[in-house]
Structure formats: structure tokens, C-alpha cells
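Listed here are the chains, written in short residue letters.
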Amino acid sequence: MQGESREDLTPCNPMRGASSWYENIFDPFIRRCRDVILDEAGRENVTGLILGGSFSSCEGSIVILDGDTVFLSDIDLLLVVHSMETHAVLYAGRSRIGEACESILPGIRFEGRIDIGVMTAGELGAMSRSPGVFAMKERGVVLYGEDNILDALPSFSAGEIGEAEALKLLENRMASFLGCRTGVERPEGVALYRFLYEVSRVYTDIVTASLCAAGLYRPGYRARAGFLASSDASSVRSDLGESLVEDAMRWTAFKTDPNREPVWTRNDRAPHMWLEAAGDILAVRDRISGTYEDRRDGDRPGFKDLLRAWKKASMRPGLIARALSSGIKPEEHIREESVRLIRHAAEKGTHGDIGGAPGGYPHGRVSWEEAASRTYSEWRRLVTGREVERSE
């Protein structure tokens, strides 16, 4: 089944002179979604609502299959509230509210999700110097509240993002990528596009992380691809190698306008493609890690923060004391385990016993497949608040 390329998606800002697809479908939808969120939160409790991510620059991945629209990309929203009390209530319900927004468009399939982050206005200035925050400040779309709410986000240059955020980006992608490995050699229909989309995210994150580590980050997938092709990015291309650069450019094109033909030939097999992408992201992660001087000792979380974080993890109570002694939060623990699992897959394959994760979290001594499934499931639950559905 061949996906239809979107005919009318040109670079734009949603709700600001958008192309016809955004005008006719996305803009009315995101406005209704905004109203659902504000009604749930109570407008009197909300400072602002910001659209970030790929849809804020009209680069969200949409594919039309047999006339049906499928959202491949997540829709990233940041809800800014006045108080911690409101934050606590809405943060706990963010998954349910996102699903309510998805139900607004009957007949539209969401392979991505509506991801609602919740923060207080006072927390905005303390957000990390990450590529996502940089892009939101540059390209975020204010759906509710004063336009100057974006000024509350931290101001920093692309050169200040650095290697730590690059590594975090790649390791989170590894955790997510564990969830899309398939034993089906030739997936079809939506399953094929879902798989190809996840592979594309590996390569677009390789580009993003490489530019961040070099102090050369640019917001926007097309902008990064264009910059990578320029002479100004020659050092990054040299580090990646021309073959990997060509792959990254090809997958970026798919990410911004899904068309399977350039990335999926009659000779391709999904398990092999997955292993190849796993090896590529691991190699880039190891290269950046090899030059990174870890200076986090002064930034380690305190005991109360650690205890609060680990209480949210899916683990036996008896293991919490051991987890606390590690000095890291469960999200970092999951990232480290994801790197270990990706390394094993790339170097030894995905068969056999992988052994237990350190501290028995998020899995004990199980097969690689089971370890990958449990690690991905726990990462998804911690990051999105959503459990993995059976169909995944």
C-alpha cells in the first residue's frame, strides 16, 4: 500500500498563514483540542498553552493511506498553569486529556500521541538548555495566553546546548526504538509506515545530536538537513561519514513528508533495517560520549527528589533502597539500560539471555526480547504517562 504524499504542506506557522492542509484540518483540530484542555484545566488556572515540536513548524509527519489520514508524529503541547496544586491534578491526568483530544477527529488514526507537558509559570525559566527548548522559544506557537510567554523560556545560544543534551537525546531515542523492533520482515500498510517513521527518528536525532555536540544546532528538520549539506557543517559531516550523512538526509526527507519509495525497496527487511539503525545510533552515541567530560556531580538530585522519582517507578518496594543508592533517577537508569540493550543487539544480536538489569529494574534475568519490551514499556510510562497497548 503506497502512502500519498501531502500535496499542500509548505513551510509555515500553524494559525499564521498556513497551507491548505493546516488551514482545513490541523488548525480547527488544534483549536478544539485547546478548548478541551482549557475546559479541563479551568481557564482561570492557565497562564498559557504552547504548541511545540514538529507541528509548530509544519513538519509533522502525516500519511494518507487509502484516503485515511494517519498522524505519525506526536503533537507536543506545553500547558502552563498558575499553581502547583493545579499542576499536580493536570499532570496526573495528562494522558487522559490527550486521549480526549485525539477523539475529536473520528476516523483519524493517531500512531503518534498528543503529548501534554504541564509546568507552572515559575518553572519555565529553569527548563534545560536542550534542543527542544531552543526550538520552542524560536518556533513555538502560543495557542492560549500572551505571546510574550515564550520570553519566559531560558535564552541561550546553540553553542550552549552541548554534549550532555546530545547524549540524552540519543539515549532517549534508543529507549523508544526498543519498542518498534519487529520480527515481521515485510510489514504492510500502517504497520510499515509506523516502523519506517521510527527508523527516520533515529536518523533525524543523529543529525540533531551531532549538531548540538558541535555547537551548531538549528531548529527545524529541513533547516538542519540544509545546514548539514552546507560547507559550514563540514566538520560534522566528516565525523559522521558521507554514507551516514546520505542516510540521514534520505530519512529526514521521509520524516517531513512520508513517502516509502526512497527508503523501502523490495530487498529491504525490517529486522535487518532495525539492526542497522541501532548500530548507527550506538556508534554516534559512543563517539560523542568518548569526548564528553561528565560534570554532573554538583547537579545530582537530592534524596527527597530521588525518593519522589523512584516512587513513580514500576518496581518492587524492596528494591527502592538499592535504587536510591545509585544516585540517579529512574529515567536515567532506563536510558543506561537502553544503551546496554541496543549495544547487545548491534554487537551480538537479539537472541538469548541478556541477564538482569542493574538492581533488577526494569527487568530481571530474561531474554533480550523480553528485556527490550519491559524497558520500553517503563520508559513510555515514565515519559508519557501511558501504558503500552496490547497491539504494540
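Visitor: What's the story with the overall build of the protein chain in this structure? I'm lost.
Guide: Tallying secondary structure elements over the protein chain gives 14 helices and seven strands in all. Here the protein chain holds 392 residues, and 53% of them are scored as buried. For the protein chain, the share of sequence-separated contacts (at least 6 apart) that also reach a separation of at least 24 residues comes to 72%.

Visitor: What am I meant to see in the pairing of strand β1 (residues 46–52) here?
Guide: The side chains of a regular strand alternate, first on one face of the sheet and then on the other. Of all seven residues that make up β1, six are buried, and the element is covered over most of its length. Where β1 meets strand β4 (residues 75–81), six bridges bridge the pair, whose relative direction is antiparallel. Bridging across to β4, Val-46 finds its partner in Val-81. One ladder, built from three bridges, connects β1 with strand β7 (residues 141–144); its direction is antiparallel. In the strand pairing of β7, Leu-49 is matched with Tyr-144.

Visitor: In this structure, what is going on with helix α13 (residues 330–348)? I would like to understand it.
Guide: Each turn of an α-helix holds 3.6 residues, which means side chains three or four residues apart point in the same direction. Across its 19 residues, α13 extends 26 Å between first and last C-alpha, which sits within 8% of the 27 Å expected from 1.5 Å per residue. Positioned one or two residues after α13, Gly-349 has a phi angle of 95°, which is positive.

Visitor: How should I be thinking about the sheet that holds β4 in this particular structure?
Guide: Neighbouring strands of a sheet are bound in pairs by backbone hydrogen bonds; such pairs are parallel or else antiparallel. The strand order across the open sheet formed by four strands is β6-β4-β1-β7, and the pairing between neighbours is mixed. The open sheet has two edge strands with one neighbour each: β6 (114–120) and β7. Going across the sheet, the axis of each strand differs from the next one's by a mean of 25°, ignoring polarity. Here β4 runs beside β6; their pairing, made up of seven bridges, is parallel. The partner of Asp-76 across the bridge, within β6, is Asp-115. Packing against the sheet, helix α2 (residues 84–92) makes contact with β4 and β6, and its axis sits at approximately 160° to β6.

Visitor: Can you walk me through the packing of helix α10 (residues 270–290) against α13 in this structure?
Guide: When two helices pack together, their arrangement is given by the angle between the helix axes and by the axis-to-axis distance. Across the interface, α10 lies against α13 with an axial gap of 9 Å and an inter-helix angle of 125°. With respect to each other, α10 and α13 are oriented oblique. For the crossing formed where α10 meets α13, the hand is left-handed. Seen from α10, the contacting residues are Trp-274, Leu-275, Ala-278, Gly-279, Leu-282, Arg-285 and Asp-286; seen from α13, they are Val-339, Ile-342, Arg-343, Ala-345 and Ala-346.

Visitor: Whenever I open this one, unusual backbone geometry confuses me. Can you help?
Guide: Peptide bonds are mostly trans, and most non-glycine residues show a negative phi. Here the residue pair Tyr-361 and Pro-362 is connected by a cis peptide bond, since its omega of 5° sits within 30 degrees of zero. Positioned with a positive phi, Cys-58 is a non-glycine residue whose angle comes to about 60°. Relative to the helices and strands, Cys-58 resides in the loop between β1 and β2 (62–65). A residue is classified by how much of its surface remains accessible, and Cys-58, at 0% relative accessible area, is buried.

Visitor: Hey, could you run me through the packing of aromatic side chains in this one?
Guide: The description of two aromatic rings rests on the distance between their centres and on the angle between their planes. According to the stated counting rule, one finds 14 aromatic pairs in the structure shown. Geometrically, the ring pair formed by Tyr-203 and Trp-251 is stacked, given 6.1 Å between the ring centres and 5° between the ring planes. Of this pair, Tyr-203 sits in helix α6 (residues 189–213) while Trp-251 sits in helix α9 (residues 242–256), and the two are 48 residues apart along the sequence. By the burial criterion, Tyr-203 is buried, and Trp-251 matches it. The residue whose ring lies beneath Arg-94 is Tyr-91, and the NZ or CZ to ring-centre distance is 3.9 Å. A cation sits over an aromatic face here: Arg-181 above Trp-274, 5.9 Å from the ring centre.

Visitor: Explain the pairing of β2 to me, please; I cannot follow it from the model alone.
Guide: Neither face of β2 is exposed, since Ile-62 and Ile-64 on one face and Val-63 and Leu-65 on the opposite face are all buried. Pairing analysis gives four bridges linking β2 to strand β3 (residues 68–71), with the strands arranged antiparallel. What sits directly across from Val-63, in β3, is Val-70. If you look at the hairpin formed by β2 and β3, you'll find two residues sitting between the two strands, and Asp-66 has a positive phi there, around 50°.

Visitor: Can you walk me through the confidence of the model for the protein chain in this structure?
Guide: Confidence in the prediction of the protein chain, expressed as mean pLDDT, is 87, and 84% of residues score 70 or more. Confidence drops under pLDDT 50 across residues 1–11; counting only partners more than four residues distant or on other chains, this segment forms 35 contacts. Note that residues 13–18 has pLDDT below 50 and, in this model, 23 contacts with residues that lie over four places away or in other chains.

Visitor: I keep staring at the sheet that holds strand β5 (residues 109–110) and nothing clicks. Help me out?
Guide: With mixed pairing, three strands are arranged side by side in an open sheet as β2-β3-β5. Every other strand in the sheet has two partners, leaving β2 and β5 as the edge strands with one partner each. Alignment of β3 against β5, held across two bridges, turns out to be parallel. Pairing of Phe-71 across the sheet is with Phe-110, part of β5.

Visitor: What exactly am I supposed to notice about the environment of Glu-378 here?
Guide: Positionally, Glu-378 belongs in helix α14 (residues 368–384). Given a relative accessible area of 5%, Glu-378 falls into the buried group.

Visitor: How should helix α4 (residues 131–139) be read in this particular structure?
Guide: Considered for burial, the residues of α4 that qualify are Pro-131, Val-133, Phe-134, Ala-135 and Met-136. Close packing links the buried residues of α4 with β1, β4, α5 (162–177) and α6.

So, how was this worked out
Residues numbered from 1 in each chain as written. Predicted model: local features only at pLDDT ≥ 70, side-chain atom pairs only at ≥ 80, totals over all residues. Heavy atoms only, no water. Helix = DSSP H or I, 4+ residues; strand = E, 2+ residues; numbered from the N terminus. Buried < 20%, exposed > 50% of the residue type's maximum accessible area, 1.4 Å probe, protein only. Contact = heavy atoms within 4.5 Å. Pairing = 2+ DSSP bridges. Expected span 1.5 Å × (residues − 1). Axes fitted to C-alpha atoms, helices over the stretch in contact; angles between N-to-C directions. Parallel < 35°, antiparallel > 145°, perpendicular 65-115°, else oblique. Left-handed = near helix turned anticlockwise from the far one by under 90°. Phe/Tyr/Trp six-rings, centres within 6.5 Å; stacked < 30°, edge-to-face > 60°. Lys NZ or Arg CZ within 6 Å of the ring centre and 35° of its normal. pLDDT = per-residue confidence, 0-100.

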